[in-house]
Amino acid sequence: MQTEGAGVWQQAGIKTVHWNKLFVILSMKWRTQFSKNFITMPLFSVGLTFVMTLFYGSMAESNGNALDDSVRGMALSLGALMNTTMTGILCTGMALAEEKEKHTLRALMTSSVNGLEFFLGSTLPVAAMILAVNILAVPAAGLRPSAGGWAMWLGVSALCAMASTVMGMIFGICCKSQVSASTVISVPVMVLVMIPVFGEFSGFMEKASRFLFTGVLSSAAAALAEDTPRVDGFGIGVIGAEIALAALVFILLYRKNGYERE
């Protein structure tokens, strides 16, 4: 029965996941996240959140006011946006481009590891890192959300982490080296960060940010700061659609470059 079931999955084009192989890839990718080339990104994001909170606080004190939670939410939003895009897109893309540059990706794909195992092993550690840093950014901003706020923040952060990581895989599969990846990825990263940030001052930017996963994350940070946790159905749909579209594009590029074994 197990053999027949595996045959049905293979006929449908869905690869079987071997958990021991997946664990090896997960371990390898997790160690990569703590290398000196990549650990600076999440550390910078937590530090940025804390520094911006102090900066906003000093500005408020100079005007004789107290730092309110809405301003703390702005600091959290900026730190979470930087973490989600820089760690998810930039680190993932650079790591995959490095594997292509050193020809380790081709060697891995000609071994017994299939594409699904490689995809899950490459995305899950980065997504976990993004989620952990977004959690640490909340106390760094001086916020104490309710249980409902935490649940909302964790859910939105996890979805945005997956969207960002899959997008990073797309850039990584297209770039030939780490240097080219860092150069190319910097542009979309800045766009994804700046549109929600400037949404506070521009009506057009605010509308555009509703169609970006980073805009949904920024809105979630504001809701967390205001202690009004709510699930935006439209926002969740936007993130889900972007994850699905990015995954489809990656699969097509992955097969086009000949990495998928028959």
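Residues numbered from 1 in each chain as written. Predicted model: local features only at pLDDT ≥ 70, side-chain atom pairs only at ≥ 80, totals over all residues. Heavy atoms only, no water.

Participant: In this structure, what is going on with the environment of Asn83? I would like to understand it.
Facilitator: Mapping Asn83 onto the fold places it in helix H4 (residues 69–101). A C-alpha to C-alpha distance of 8.0 Å links Asn83 and Val46, two positions 37 residues apart in sequence. With sequence-adjacent residues up to four places away left out, Asn83 is seen in contact with Pro42, Ser45, Gly88, Ile130, Val133 and Asn134. Among the polar contacts listed, one links the side chain of Asn83 to the side chain of Asn134, at a separation of 2.8 Å. (Helix = DSSP H or I, 4+ residues; strand = E, 2+ residues; numbered from the N terminus. Contact = heavy atoms within 4.5 Å. Polar contact = N/O pair within 3.5 Å; in protein donor to acceptor, adjacent residues only side chain to side chain.)

Participant: Is there a simple way to explain the nonpolar core in this structure?
Facilitator: Looking at soluble globular proteins, one finds that nonpolar side chains tend to be buried together. Residues Leu76, Trp153, Val156, Phe213, Leu217, Ile239 and Phe250 are the most contacted members of the largest nonpolar core, which totals 56 residues. No other element matches the 14 residues that H4 contributes to this core. The residues contacting Phe250, other than those within four sequence positions of it, are Leu96, Phe119, Met169, Ile170 and Ile173. (Core = buried A, V, L, I, M, F, W, Y, C linked by side-chain atoms within 4.5 Å. Buried < 20%, exposed > 50% of the residue type's maximum accessible area, 1.4 Å probe, protein only.)

Participant: Any chance you could explain unusual backbone geometry here in plain terms?
Facilitator: The phi torsion of most residues other than glycine is negative, and most of the peptide bonds are trans. We note that Asp227 has phi near 55°; this positive angle belongs to a residue other than glycine. Tracing the chain through its elements places Asp227 in the loop between helix H10 (213–225) and helix H11 (233–256). With relative accessibility at 46%, the residue Asp227 sits in the partly exposed group.

Participant: Is there a simple way to explain the packing of H4 against H10 in this structure?
Facilitator: To characterise two packed helices, one gives the angle between the axes of the helices and the distance between these axes. Remark: H4 packs on H10, axes separated minimally by 8 Å, with the N-to-C direction vectors making an angle of 150°. Relative to H10, the element H4 is oriented roughly antiparallel. Crossing of H4 over H10 shows right-handed handedness. Across from Asp69, Gly73, Leu76, Ser77, Ala80, Leu81, Thr84 and Thr85 in H4, the residues of H10 making contact are Phe213, Thr214, Leu217, Ser218, Ala221, Leu224 and Ala225. (Axes fitted to C-alpha atoms, helices over the stretch in contact; angles between N-to-C directions. Parallel < 35°, antiparallel > 145°, perpendicular 65-115°, else oblique. Left-handed = near helix turned anticlockwise from the far one by under 90°.)

These figures capture arrangement, not role.
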